[in-house]
Each structure stands twice: as structure tokens, then as C-alpha cells.
Amino acid sequence: MVTKKEYNDLLEKVESQHELIKQLSKKVSALETQVTKLSADKAISSHINNILREKLDNAEMYSRRSCLVLEGLPIKRNENIEEIEKSAKETLETNFGISKVDIESEFDKAHRLGPKIDGNQKVIMRFKSHGFQNRVYASRKNGNDPKYKIRPSLTARREDLLEKSREQLSEFSNFHFAFADNHGNLKVRVKNKVNNRFVLKFNNEIDIANIISIINDFRTGEEASETEDQYDIENLFPMPSNY
């Protein structure tokens, strides 16, 4: 039989444990609040970092507004900068129909860029004016040798996003191609209109995910037929007057 003293001792222990549990519960609650706040702070910090990265990317892209990339120019043995620039100028004249006088007047500099592939390496060309860059870019459809291609000069971030968009969207039947316009804007061309549009813009991975979610939700109708190289980007997306 439990004595009164034993009962009181047991009750005191239970109350002590109960008080300890209450204190621990408060600490857990405080930690949960702290974790929630840290998670929120981390989300805000991540969002701010993304905004800053995009702003820096926009600034870098703007610095490239007078540049273009020339693909298909073979590498010559022991070539130097002068020889690269000479070859690039000759290609613009003979393959894309740009006058020699204008090239000599507007061409600034050029150098090799990126990895070597099958004896070729991209050449980045810089011109003295954005207007001439536009003219050269528009001439890409006039090339008489398909091995030479003129592309926008994109930041590493945009190159990566463009590649990711192609990888993630290629399995969808309504996907036609992904491309960058002359100003570095990233876009997806669909075969059938989505939300009454053939072209969907994207600027980050969230945008790509949104495109994936809607790309198969379309009404069968007029289909796109042009290829990326044939696409008349300048007419459909004219440069803003204040660009």
C-alpha cells in the first residue's frame, strides 16, 4: 500500500516532469518559429539574389548590343588576331553580301570564343554601332554557304537557359524550336498557337516550367513552318525606339 509520503513524492515528480515538458514545448515552439523565419529569410534572400543576377545579366547583355557571333570559320594554323579579323571581314563580304567599304568603316574587332569543335571555333565580332550590328544580323538569311551562321552574342546565363529550354521542351509535340533574338531575348516557337500566340518568352527556369505546363494545351490550327534560321525575327520583334 502506497503511503501518503510516497504518493506526495510521486505527485511532485509528475508535476516536475510536467513543468519540464512545458518548458521543452516552449523551446521547441520558439525553435520552430525561428526555423520558419529563417526559411522565409532564405526564400527572400534567394529571390533578391535572383533579381540581382538578372539585373547583372541584363547589364552584361546590354554591353553586347554591338556584338555578334560568327560560326563556321575554320581555324588556320598559328593564326593571330589580325588574321581572324581579316577572315571574318571576308566572310561577311563574300557570304553575307555586306559591302567592303561598310565593313572597314564599322568593324571594330574579333577573336575566337569557346571550345573547338571539328576544327572550328566560334568568333565573336564587335562593331562600332548597334545599327550596323542589326544590319549584319539581318543579312544572316542571305548567306550563300550554310556552314556560316550568324548568332546573337549571349551571356553565359542565357546560353545555359537556352540549352535547358531545348532539353526540357524537346519531348513535347507542340515544341518547334527555342531561340534568342538579336537583343538577347529568349523565346520558344510552338507549332500550334498557345493562348493565341506562336511565340512564348522566358527569362528564367520558372518561366520554362510555366511554358511546359501550358505547351500541350492548345487548339489545333495554323502550324508554324519556318526554321530557326528562316525566322524573320526583326520584322516580328522590331527594336523599341528607345532601345
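Look up: the structure comes first, before these words.
Remember, predicted model here, so these are calculated numbers, not experimental data.

Draft legend 1. Examining the overall build of the protein more closely. Counting secondary structure elements, the protein contains seven helices and seven strands. With 243 residues in all, the protein has 32% of them scored as buried. Considering only contacts within the protein whose residues lie at least 6 apart along the sequence, 66% involve residues at least 24 apart. If you sum the accessible surface of the protein, you get close to 15700 Å²; carbon and sulfur atoms cover 52% of it.

Draft legend 2. The sheet that holds strand E7 (residues 197-202), seen in detail. Read across the open sheet, the three strands follow the order E5-E6-E7; overall the sheet is antiparallel. If you trace the sheet from one side to the other, it starts and ends with strand E5 (175-180) and E7, each paired once. Neighbour-to-neighbour, the strand axes of this sheet turn through a mean angle of 25°, independent of strand direction. In this structure, E5 lies alongside strand E6 (residues 186-194), joined through five bridges in antiparallel fashion.

Draft legend 3. Structural view of the packing of helix H5 (residues 156-169) against helix H6 (residues 205-214). Direction vectors running N to C along H5 and H6 enclose 25°, while the axes themselves pass 10 Å from each other. One element, H5, and the other, H6, form an angle in the roughly parallel class. For the element pair H5 and H6, the recorded crossing hand is right-handed. Contact with H5, carried on its side by Leu161, Lys164, Ser165, Gln168 and Leu169, involves Glu205, Ile208, Ile211 and Ile212 of H6 and no other residues of that element. Here the contact of H5 with H6 is built from residues that sort into five nonpolar, two polar and two charged.

Draft legend 4. Region of interest: the side chain of glutamine 121. Looking at the element boundaries, glutamine 121 is found in strand E3 (residues 120-127). Here the side chain of glutamine 121 touches glycine 114 through a polar contact of 2.5 Å, landing on its backbone oxygen. Not counting residues up to four positions away in its chain, the partners in contact with glutamine 121 are Leu73, Ile75, Arg112, Leu113, Gly114, Pro115 and Lys116.

Draft legend 5. Looking closely at the pairing of strand E1 (residues 67-71). Buried residues dominate E1, accounting for four of its five residues. Relative to E3, E1 runs antiparallel, the two sharing four bridges. Within the sheet, the bridge partner assigned to leucine 68 lies in E3 and is methionine 125. As paired elements, E1 and strand E4 (residues 149-152) share four bridges and run antiparallel to each other. Residue pairing across strands places valine 69 opposite arginine 151, the latter belonging to E4.

Draft legend 6. Representation of unusual backbone geometry in the model. For asparagine 78, which is not glycine, the phi torsion reads 55° and is therefore positive. Among the secondary structure elements, asparagine 78 is positioned in the loop between E1 and helix H2 (81-96). Residue classification places asparagine 78 among the exposed residues on the basis of a relative accessible area of 70%. Even without a glycine there, the phi angle at asparagine 196 is positive, about 65°. The class of asparagine 196 is exposed, set by a relative accessible area of 63%.

Draft legend 7. Highlighting the sheet that holds strand E2 (residues 107-117). An order of E2-E3-E1-E4 is seen for the four strands of this open sheet, with the pairing classed as antiparallel. Unpaired on one side and paired on the other, E2 and E4 mark the two borders of the sheet. Between one strand axis and the next, the sheet turns by 30° as a mean value, whatever way the strands run. Pairing analysis gives seven bridges linking E2 to E3, with the strands arranged antiparallel. Within E3, the residue paired with alanine 110 across the bridge is methionine 125. Contacts between H2 and the sheet are confined to E1, E2, E3 and E4, with E2 contributing the most and set at about 100° to the helix.

Criteria and thresholds
Along each chain, residues carry numbers from 1 onward, in the same order as the chain's sequence is written. For a predicted model such as this one, the threshold for reporting local features is a pLDDT of at least 70, and the threshold for listing and counting side-chain atom pairs is 80 or more; totals across whole chains, interfaces and linings nevertheless cover every residue. The basis for the side-chain values is all heavy atoms of the structure; hydrogens and waters are excluded. The numbering of helices and of strands both runs from the N terminus, where a helix is a DSSP run of H or I of at least 4 residues and a strand a run of E of at least 2. With a 1.4 Å probe rolled over the protein chains alone, any residue whose accessible area is under 20% of its type maximum counts as buried; one over 50% counts as exposed, and the rest are partly exposed. By the convention used here, residues are in contact when the closest approach between their heavy atoms is within 4.5 Å. In this description, accessible areas are obtained by the Shrake-Rupley approach with a 1.4 Å probe, and a residue is regarded as covered only by the protein chains that are shown. If DSSP finds at least two bridges between two strands, the strands pair. Every angle, taken between N-to-C directions, lies between 0 and 180 degrees, and every axis is a line fitted to C-alpha atoms, over only the stretch in contact when it is a helix. By definition in this entry, angles of less than 35 degrees are roughly parallel, angles greater than 145 are roughly antiparallel, angles of 65 to 115 are roughly perpendicular, and the rest are oblique. By convention, the crossing between two helices is left-handed when the near helix turns anticlockwise from the far helix through less than a right angle, and right-handed when the turn is clockwise. Polar here means any residue outside two lists: the nonpolar Ala, Val, Leu, Ile, Met, Phe, Trp, Tyr, Cys and Pro, and the charged Asp, Glu, Lys and Arg; Gly therefore counts as polar. Residues adjacent in sequence count toward polar contacts only when both atoms are side-chain atoms; beyond that, a polar contact is any pair of N or O atoms within 3.5 Å, and within protein one must be able to donate a hydrogen and the other to accept it.

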